Amino acid sequence: MVKNMTDQDVKQQVRRFYDQVGWQLEADGLYQNAHYEDLRPVSAEYIHRCHGRVGRHLKASGKYLLDAGSGPVQYEEYMEYLRGYQFRVCADISIVALQEARKKLGDQGLYVVSDVANLPFKSDVFEGVMSMHTIHHLPWDDHKQAYQELYRVLALDSTAVVVNGWSDSGLVGAIDHLVKRFNRTRRWLAGGKGLKKVGKGTQAKEKGTYVQKYNAAWLKKELEGVVPIHILVWRSASVRSLRTFIHEKLGGMQLLHWLYLLEEKYPRFFGENGQYPLIVINKCKEKE
Ligand SMILES: C[S@@+](CC[C@H](N)C(=O)[O-])C[C@H]1O[C@@H](n2cnc3c(N)ncnc32)[C@H](O)[C@@H]1O
């Protein structure tokens with residue numbers, strides 16, 4: 001990342017990226033952004049069940065569900081959370097994201113170009129709040145403020161759910177290290193030639209944008225006494241480790257079935273040490 005970028009520069013860069021690249025449809029009919037996910041059938045059930053963990057915590061019904069950093073509401077599972085709500089308020093810094101979201105939701109959606117760290121909404125208005133894979137795009141200083149904003153707009157007696165990725169630490173770091181070594185050896189054995197095989201096809205190096213990640217300890221310290229959070233698991237396996245170790249012929253589906261059950265049994269451990277935590281924020285009737 002270029003040094004001396006101001007926070008505004010970072011946001012402009014992220015917005016431009018999603019407008020011009022991330023939410024453009026590619027030849028295979030998928031958004032460029034979808035290629036960061038493992039879309040192979042062998043991982044589909046595990047990923048689908050992990051998505052279900054978000055809905056578990058959101059209130060089942062209400063008038064407004066806020067989706068902060070909604071993107072185009074790209075996965076079918078994202079539609080599930082809307083079921084009991086009258087409107088999904090899609091808030092995103094990218095206009096293209098919202099144009100695409102409108103194609104999907106029509107009148108069930110309300111579309112607001114906005115920054116998750118400065119939400120243009122009244123306090124205590126959303127019975128449900130979710131933010132998936134978005135806060136990591138914020139400049140460092142804005143992370144705490146984004147959590148505060150999600151908490152502020154959340155209605156009393158309601159729950160917000162945030163999903164993000166941790167930096168390489170703990171279990172994530174160890175597995176990531178293993179994956180890198182494994183892939184390096186594989187390439188060396190193959191004579192160091194050719195492109196990396198990922199998913200269904202062969203993928204050249206993807207273009208990306210600004211991402212800022214940290215570990216559970218940092219987040220807990222940062223939000224202590226400010227926003228009450230519980231860290232559970234959304235999905236412990238990273239895309240890179242799925243693509244490396246999970247294959248149909250090697251019992252991949254069964255392995256992921258067991259991993260899911262383990263995550264269910266130890267949600268806090270996998271939440272703090274796996275790749276993607278599910279951060280649950282409850283706003284009690286009596287304000288803390
Ligand atoms: C990785 S995509 C995730 C989209 C969607 N939540 C999902 O899970 O598919 C990140 C989204 O966050 C949006 N975003 C990035 N920075 C933002 C900000 N400061 N405020 C609001 N949205 C932002 C991007 O435009 C993009 O649509």
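*Asks:* Help me out: how do you make sense of the overall build of the protein chain in this one?
*Replies:* Along its length, the protein chain carries 10 helices and nine strands. Per-residue burial over the protein chain gives 48% buried out of 288 residues. If you sum the accessible surface of the protein chain, you get close to 15000 Å²; carbon and sulfur atoms cover 54% of it.

*Asks:* Would you mind going over the environment of Ser-70 with me for this structure?
*Replies:* Tracing the backbone through its elements, the reader meets Ser-70 in the loop between strand S1 (62-68) and helix H3 (76-80). Judged by its relative accessible area of 5%, Ser-70 is buried. Ser-70 sits 22 residues away from Asp-92 along the chain, and the two C-alpha atoms are 6.0 Å apart. Discounting chain neighbours no more than four positions away, the residues touching Ser-70 are Cys-90, Ala-91, Asp-92 and Leu-98.

*Asks:* I would appreciate a short explanation of the pattern of salt bridges in the present structure.
*Replies:* If charged atoms from side chains of opposite charge come close, those side chains can pair. Inspection of the entire model under this criterion finds 15 salt bridges. Close ionic contact of Lys-104 with Glu-76 constitutes a salt bridge, the shortest N to O distance being 3.7 Å. Of the two residues, Lys-104 sits in helix H4 (residues 95-105) while Glu-76 sits in helix H3, which places them 28 residues apart along the sequence. Taken together, the shared-partner salt bridges connect Arg-53, Arg-56, Glu-263 and Glu-264 into one network.

*Asks:* Would you take a moment to explain the side chain of Ser-236 for this structure?
*Replies:* Among the secondary structure elements, Ser-236 is positioned in the loop between strand S8 (229-235) and helix H8 (239-245). A residue is classified by how much of its surface remains accessible, and Ser-236, at 13% relative accessible area, is buried. Within the structure, the side chain of Ser-236 is placed 2.5 Å from the side chain of Glu-263, a separation counted as a polar contact. Non-local contacts of Ser-236, meaning those with residues more than four positions away in its chain, are made with Tyr-46, Leu-259, Glu-263, Phe-270, Gly-274 and Gln-275.

*Asks:* Looking at this model, I keep getting lost on the pairing of strand S2 (residues 85-92). Mind explaining?
*Replies:* Where a strand is regular, its side chains alternate between the two sheet faces. Most of S2 is tucked away: six of the eight residues are buried. Where S1 meets S2, six bridges bridge the pair, whose relative direction is parallel. By the bridge assignment for S2, Asp-67 is matched with Cys-90. Pairing between S2 and strand S3 (residues 109-113): five bridges, direction parallel. Along S3, the bridge assignment pairs Ala-91 with Val-112. Between the parallel elements S2 and S3, the chain passes through H4 in a crossover that is right-handed.

*Asks:* How should the sheet that holds S1 be read in this particular structure?
*Replies:* Within a sheet, neighbouring strands are paired by backbone hydrogen bonds and run either parallel or antiparallel to one another. With mixed pairing, the seven strands of this open sheet are ordered in space as S3-S2-S1-S4-S5-S9-S8. For this open sheet the edge positions go to S3 and S8, each flanked by a neighbour on one side alone. With strand direction ignored, the average angle separating the axes of adjacent strands in the sheet is 20 degrees. The sheet contacts of helix H5 (residues 143-153) involve S1, strand S4 (126-132), strand S5 (154-163) and strand S9 (276-283), and relative to S5 the element is tilted by about 145 degrees. Along the sheet face, helix H7 (residues 216-223) touches S8 and S9 and points at about 150 degrees away from the line of S8.

*Asks:* Looking at this structure, I do not really get H5. What am I missing?
*Replies:* For an α-helix, 3.6 residues make a turn, and residues three or four places apart therefore share a direction. Those residues of H5 that fall on the buried side of the exposure criterion are His-143, Ala-146, Tyr-147, Glu-149, Leu-150, Tyr-151 and Val-153. Of the surrounding elements, those touching the buried residues of H5 are S1, S4, S5, H7 and S9.

*Asks:* Just to check I follow, could you spell out the nonpolar core for this structure?
*Replies:* In a soluble, globular protein the nonpolar side chains are often hidden away together inside. Within the largest apolar cluster, 34 residues are counted, with the highest numbers of intra-cluster contacts made by Tyr-46, Val-54, Trp-234 and Leu-278. With five residues, the single largest contributor to this core is helix H2 (residues 41-57). Those residues in contact with Trp-234, other than ones at most four positions away along the chain, are Cys-50, His-51, Arg-53, Val-54, Met-132, His-133, Val-163, Tyr-276, Pro-277 and Leu-278. Membership of the second largest hydrophobic core comes to 30 residues, among which are Tyr-151, Ala-160, Ala-216 and Ile-281.

Thresholds applied
Residues numbered from 1 in each chain as written. Predicted model: local features only at pLDDT ≥ 70, side-chain atom pairs only at ≥ 80, totals over all residues. Heavy atoms only, no water. Helix = DSSP H or I, 4+ residues; strand = E, 2+ residues; numbered from the N terminus. Buried < 20%, exposed > 50% of the residue type's maximum accessible area, 1.4 Å probe, protein only. Areas by Shrake-Rupley, 256 points an atom, 1.4 Å probe, with all protein chains shown as cover. Contact = heavy atoms within 4.5 Å. Salt bridge = Lys/Arg side-chain N within 4 Å of Asp/Glu carboxyl O. Polar contact = N/O pair within 3.5 Å; in protein donor to acceptor, adjacent residues only side chain to side chain. Pairing = 2+ DSSP bridges. Right-handed = clockwise from strand over helix to strand, strands pointing away. Axes fitted to C-alpha atoms, helices over the stretch in contact; angles between N-to-C directions. Core = buried A, V, L, I, M, F, W, Y, C linked by side-chain atoms within 4.5 Å.

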